[in-house]
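An overview of the molecular structure
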Amino acid sequence: MSGDLVRPALDGLRACFNGRVKEAAILSTCNRTEIYVAAQPDAAEHIGQWMADFNSLDSSVISPHLYEYSQDMAVRHAFRVASGLDSMVLGEAQILGQMKNAVRAASEAGALGTMLNQLFQKTFSVAKEVRSNTAIGQESVSMAAAAVRMSERVFGDLDNSKVLFVGAGEMIELCVTHFAAHNPKQIVIANRTIERGEALASRFRADVIKLAELPERIHEFDVVVSCTASTLPILGLGMIQSALKHRRFQPMVMVDLAVPRDIEPEVGRLGEVYLYTVDDLGRMVQMGNDMRKAAVVEAEQIIDSSVSNFMNWLKTREVVPVIQSLNNSAQTLAQIELDKARKLLAKGVSPEEALERLAQGLTQKYMHAPMRALNKSQNEEREQILDVLPKLFPTH
C-alpha cells in the first residue's frame, strides 16, 4: 500500500466498523502489507474483506495470501517482524525502519491508543535487544554487504576511502546503496553509457566517468567494484600494475561481481591488491547465513520472554476499569462521611467525637458489601468468599 493511501485507509478502517476497531496501524513493505488493530473480535475477523473492498478487489483474489494472528501470537509476530526473523533476508534491518514509519503515520492520523502504542514501543525495544545480544544482523548475507565488509577489513571505516563502481546495472546499484550508507569520501561511477551512469549517480551525489578514462583514473580509488556485461576482462594486469605505481603501492580492494569476469585473475597475485570474486563473496554470504540461522535460537528466546511480559501487562489492563470503579466508589463514600463530620463540627461536636463517627461510618460502609455477600451466600460460594476475604482484608 503506497504511503499516500495509508491515512485514508486508517480513517476508513475505523469508520467502517463503527468504533469496533479502536486502534490501527498499517505496515507496508516491498513484499507485505500488515494491519495491526486493537479491535472487537467480530470486527477483526472481517478485516480481510475490508482490505479487498478498500482496494476494489474480489476477496477471492487476496484470501489465499492472508494470515491472521491474535493475542499472544500477534504480539510474537510483531516482535519477529521487527527483529528481522520474518524477512526475505534473515536479520535485515530495513523492516524496523519501515515499522517505525508505520507507527508514525498511525500516530499522525490519530489511530494509535494505549494498547498499540505500548505494543510498538515494546516491539522496538525487543528488536534492539535481539540485535544487541545476538549475531542476527552482524554477518553479511548479500553480495553487496559482503563487498562492504571486505573493504572495511582492509581500510577500516570507509569515510576516507574513494570508491569506483564499474557498470550501472542492478548489482552495481545495490552495491552503491550499501557503500553510500558508510559515507565514503567519494563515489564515482564508470559506465559505457554516460546517461545511465548519471541517472544512478544523481541518487547518491556521485561523479561519473567514461570507461575509456579508467586507465588514467583508476589509481585514484581505494575500492573498485565491477559488474558489467562485457565478455572479456576490462581491468587487466597491466592497468592495475600501473595504478599501483601511481598509488605508491598503497593497497586496493577490487571486487569482481561479473560473470564472465571483469578483472583478469592475474591481478589477484599482486601483493597490494585484495581481489574478491563472486565465488569468494558467495562463501562469505553462506557463512553469514549460517551464523544468522544459529542466532535465531537466541533471538526466539528473547522474544518468548518479551511476549510473556507483554501479555502480563495486557492482563493487568483488564482490571483497570474495576480498580477505577472501586476507587470512585471509595472516594464517594469518603466524601459522604467527610461531609457528615464537617456538619457535626459546625454544630459544635468535639473534633474527637467527629473523628470517631467518621471512622465508624467509613468502616460500616466499607464492610457492608462483603458482609452482605457473605451472609447471603451458601455452600461453594460461601467457601470462595471465605477464602478471598482474608486476602482483601488481611489482619495485622
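Residues numbered from 1 in each chain as written. Predicted model: local features only at pLDDT ≥ 70, side-chain atom pairs only at ≥ 80, totals over all residues. Heavy atoms only, no water.

An unreviewed UniProt entry lists the protein chain under the name Glutamyl-tRNA reductase, from Taylorella asinigenitalis. UniProt, in its Catalytic activity (unreviewed entry) section for the protein chain, records the words "(S)-4-amino-5-oxopentanoate + tRNA(Glu) + NADP(+) = L-glutamyl-tRNA(Glu) + NADPH + H(+)". In its Subunit (unreviewed entry) section, UniProt records this for the protein chain: "Homodimer." (UniProt positions renumbered as here; feature names shortened; annotations may be inferred.)

To continue, consider the packing of helix α8 (residues 143-155) against helix α13 (residues 278-318). In contact at an axis separation of 9 Å, α8 and α13 are set at 95° when each is read in the N-to-C sense. Looking at the two axes, α8 sits roughly perpendicular to α13. Where α8 abuts α13, its residues M143, A146, A147, R149, M150 and R153 lie against V278, L281, G282, M284 and V285. Of the residues belonging to the contact of α8 with α13, the class tally is eight nonpolar, one polar and two charged. (Axes fitted to C-alpha atoms, helices over the stretch in contact; angles between N-to-C directions. Helix = DSSP H or I, 4+ residues; strand = E, 2+ residues; numbered from the N terminus. Parallel < 35°, antiparallel > 145°, perpendicular 65-115°, else oblique. Contact = heavy atoms within 4.5 Å. Nonpolar A, V, L, I, M, F, W, Y, C, P; charged D, E, K, R; others polar.)

Before going further, it helps to spend a moment on the pattern of salt bridges. For the coordinates displayed, the defined rule picks out 19 salt bridges. The residue D11 makes a salt bridge to R7 at a minimum N-O spacing of 3.4 Å. Of this pair, D11 and R7 both sit in helix α1 (residues 3-16), four residues apart, which is roughly one turn of the helix. Accessibility expressed as a relative area gives 35% for D11, which makes it partly exposed. You can call R7 partly exposed: its relative accessible area is 44%. Here E173 makes a salt bridge to R203, at a shortest N to O gap of 2.4 Å. With a gap of 30 residues between them, E173 in helix α9 (residues 170-180) and R203 in the loop between α10 (194-201) and β5 (207-210) connect regions that are remote in the sequence. Using a relative accessible area of 28% as the deciding quantity, one classes E173 as partly exposed. (Salt bridge = Lys/Arg side-chain N within 4 Å of Asp/Glu carboxyl O. Buried < 20%, exposed > 50% of the residue type's maximum accessible area, 1.4 Å probe, protein only.)

As a further point, take a nonpolar patch on the surface. Side chains of V319, V322, I323 and L326 sit close together on the surface and give an oily, nonpolar patch of about 360 Å² of accessible area. Among the structural elements, V322 can be located in helix α14 (residues 320-346). (Patch = residues over 30% accessible without salt bridge, like charges linked within 9 Å, V, L, I, M, F, W, Y side chains within 5 Å. Areas by Shrake-Rupley, 256 points an atom, 1.4 Å probe, with all protein chains shown as cover.)

On to the packing of aromatic side chains, then. All chains considered together, the criterion is met by five aromatic pairs. Between W50 and F54, the aromatic rings sit 5.1 Å apart at their centres with planes inclined by 25°, giving stacked as the arrangement. In this pair, W50 and F54 both sit in helix α3 (residues 47-54), four residues apart, roughly one turn of the helix. For W50, a relative accessible area of 8% gives the class buried. Residue F54 is classed as partly exposed on the basis of its relative accessible area of 27%. Aromatic side chains Y67 and Y69 sit 5.8 Å apart centroid to centroid with 50° between the ring planes, which places their arrangement in the tilted category. You can call Y67 partly exposed: its relative accessible area is 41%. Overall, Y69 belongs to the partly exposed group, its relative accessible area being 39%. Note that K100 overlies the ring of F124, its terminal NZ or CZ placed 5.6 Å from the centroid. (Phe/Tyr/Trp six-rings, centres within 6.5 Å; stacked < 30°, edge-to-face > 60°. Lys NZ or Arg CZ within 6 Å of the ring centre and 35° of its normal.)

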